[in-house]
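# Residue-level structural notes
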Amino acid sequence: TAIIYYGVEPFAHSQMHPHVAPADFAFKDLGHTDKVGDPVKGKELVSSNCTACHGLQVEGFPSPMPNADAAMAYGVVPPDLSTAGALYDVNYLAGFIKEPTKAAHLQHKFDDTKPYPMPNYNWMSEQEIADMVAYLESIAPKTVSDKEVFKDACGRCHSMNYDKVSALTTPEQLNAYMGAPAPDLSIMIRAKSYEYLETFINEPQKLLEGTSMPRVGLTEKAQTQVIAYMEKTGDRKKAEREDLGYKLVGFMALFTLLAYLWKVKIWREVE
């Protein structure tokens, strides 16, 4: 038993769950710009380049078309950008505006024959992109609840049926767009470990090469909020279960001691 547990099991685990690099919340592969953005100029650029597809509820601009029509036109409902500056890493945002498929690591899904719904803005200067990012940061709320982070970051594709949160894009539309419907995430925290989700959300290709899920680009704080919401929704009894576990271990330890003392007493009398 010891040989199997300490020898075979770790080897099997290493084959089924190979080691991968830890989550990279700096998105170093996208490079880094030292340009300081101007939110005023960024507002003009976002208004002229983004609002044809994206809403800006925080600025009083709703989505330009209903979700069903947007999903029909683009394959997936484009996100409202109100919280983008708070949820996504600055380097990722800049890289995504410049080349979406490269930033999202979806080159294997989209090409010239099947273009990504959002075009490249690599014709823009680094300063202009920095201005757009600065504007998105300036309008973003200072605090966003765990549930809102999940809805804004994941809710276009994923549902959370345990909390009555439905994906903005229907499974049929997602199947046509991505080649597979996105799973409901209600019990994903129970199906996968916290460590798995931390790596997978940050970079899906590390753990599931060829997956249609994009690299989302969340900051470490925003990703922690997403996983916290998944845990609160899908594993609400965790704290109670862990508390009971400690009590059970204590109970077993106590009665092990009592059983041992009883055994000593009985054998002393026999002797």
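A short tour of the structure in this document, coming up. (Residues numbered from 1 in each chain as written. Predicted model: local features only at pLDDT ≥ 70, side-chain atom pairs only at ≥ 80, totals over all residues. Heavy atoms only, no water.)

## Points about the overall build of the protein chain
Assigned secondary structure in the protein chain consists of 14 helices and zero strands. The order of α-helices and β-strands along the protein chain, N terminus first, is α-α-α-α-α-α-α-α-α-α-α-α-α-α. Against the compact-globule benchmark of 18 Å for 271 residues, the protein chain has a radius of gyration of 25 Å, which places it well outside the compact range. On the principal axes, the C-alpha backbone points of the protein chain span a range of 95 × 40 × 35 Å. Buried residues in the protein chain amount to 37% of all 271 residues. Residue pairs in contact within the protein chain that sit at least 24 positions apart in sequence constitute 70% of those at least 6 positions apart. Accessible surface, the protein chain as shown: approximately 16500 Å² in total, 60% of it carbon and sulfur. If you average the places of the 27 positive and of the 35 negative side-chain charges in the protein chain, the two averages end up 7 Å apart. (Helix = DSSP H or I, 4+ residues; strand = E, 2+ residues; numbered from the N terminus. Rg over C-alpha atoms; globule rule 2.2 N^0.38 Å. Buried < 20%, exposed > 50% of the residue type's maximum accessible area, 1.4 Å probe, protein only. Contact = heavy atoms within 4.5 Å. Areas by Shrake-Rupley, 256 points an atom, 1.4 Å probe, with all protein chains shown as cover. Lys, Arg positive; Asp, Glu negative; His and termini not counted. Charge placed at Lys NZ, Arg CZ, Asp CG, Glu CD.)

## Thoughts on the side chain of Gln173
Its place among the elements puts Gln173 in helix H9 (residues 171-178). Taking relative accessible area as the criterion, Gln173 reaches 17% and is therefore assigned buried. Not counting residues up to four positions away in its chain, the partners in contact with Gln173 are Ala68, Ala71, Met72 and Gly75.

## Quick notes on unusual backbone geometry
A negative phi angle is the norm for most residues apart from glycine, just as the trans form is the norm for most peptide bonds. In this structure, His105 takes a positive phi of about 55 degrees despite not being glycine. Along the chain, the position of His105 falls in the loop between helix H6 (100-104) and helix H7 (126-139). Of note in this structure, Lys164 is not a glycine but carries a positive phi near 55 degrees. Among the structural elements, Lys164 can be located in the loop between helix H8 (146-154) and H9. Residue classification places Lys164 among the exposed positions, given a relative accessible area of 78%.

## Some remarks on the pattern of salt bridges
When their charged atoms lie close together, side chains carrying opposite charge are able to pair. Applying the stated criterion across every chain yields a total of ten salt bridges. In this structure, Lys28 and Asp24 form a salt bridge, with 3.1 Å as the shortest nitrogen-oxygen distance. On the basis of relative accessible area, Lys28 is assigned to the exposed category, the value being 64%. Here Asp24 falls in the buried class, since its relative accessible area comes to 19%. (Salt bridge = Lys/Arg side-chain N within 4 Å of Asp/Glu carboxyl O.)

## Some thoughts on the nonpolar core
Residues Leu87, Tyr88, Phe150, Leu218 and Val226 are the most contacted members of the largest nonpolar core, which totals 41 residues. Listed by contribution, the elements that provide at least two residues to this core are helix H2 (39-49), helix H4 (84-87), helix H5 (90-98), H7, H8, helix H10 (188-191), helix H11 (194-202) and helix H13 (220-234). Not counting the four nearest positions on each side in its chain, Leu87 is found in contact with Val144, Val149, Asp152, Ala153, Gly217, Leu218, Thr219 and Ala222. (Core = buried A, V, L, I, M, F, W, Y, C linked by side-chain atoms within 4.5 Å.)

## Re H2
Residues of H2 that are buried: Gly42, Leu45 and Val46. Axial view of H2: buried residues confined to an arc of 100 degrees, hence all on one face. In H2, the exposed positions that point more than 90 degrees away from the buried face belong to Val40, Glu44 and Ser48. Residues of H2 that are buried make contact with H7. Measuring from the side-chain oxygen of the N-cap residue of H2 to the backbone nitrogen of Val40 gives 3.0 Å; that N-cap residue is Asp38. (Arc of directions from axis to C-beta. Polar contact = N/O pair within 3.5 Å; in protein donor to acceptor, adjacent residues only side chain to side chain.)

Geometric values such as these leave the question of function open.
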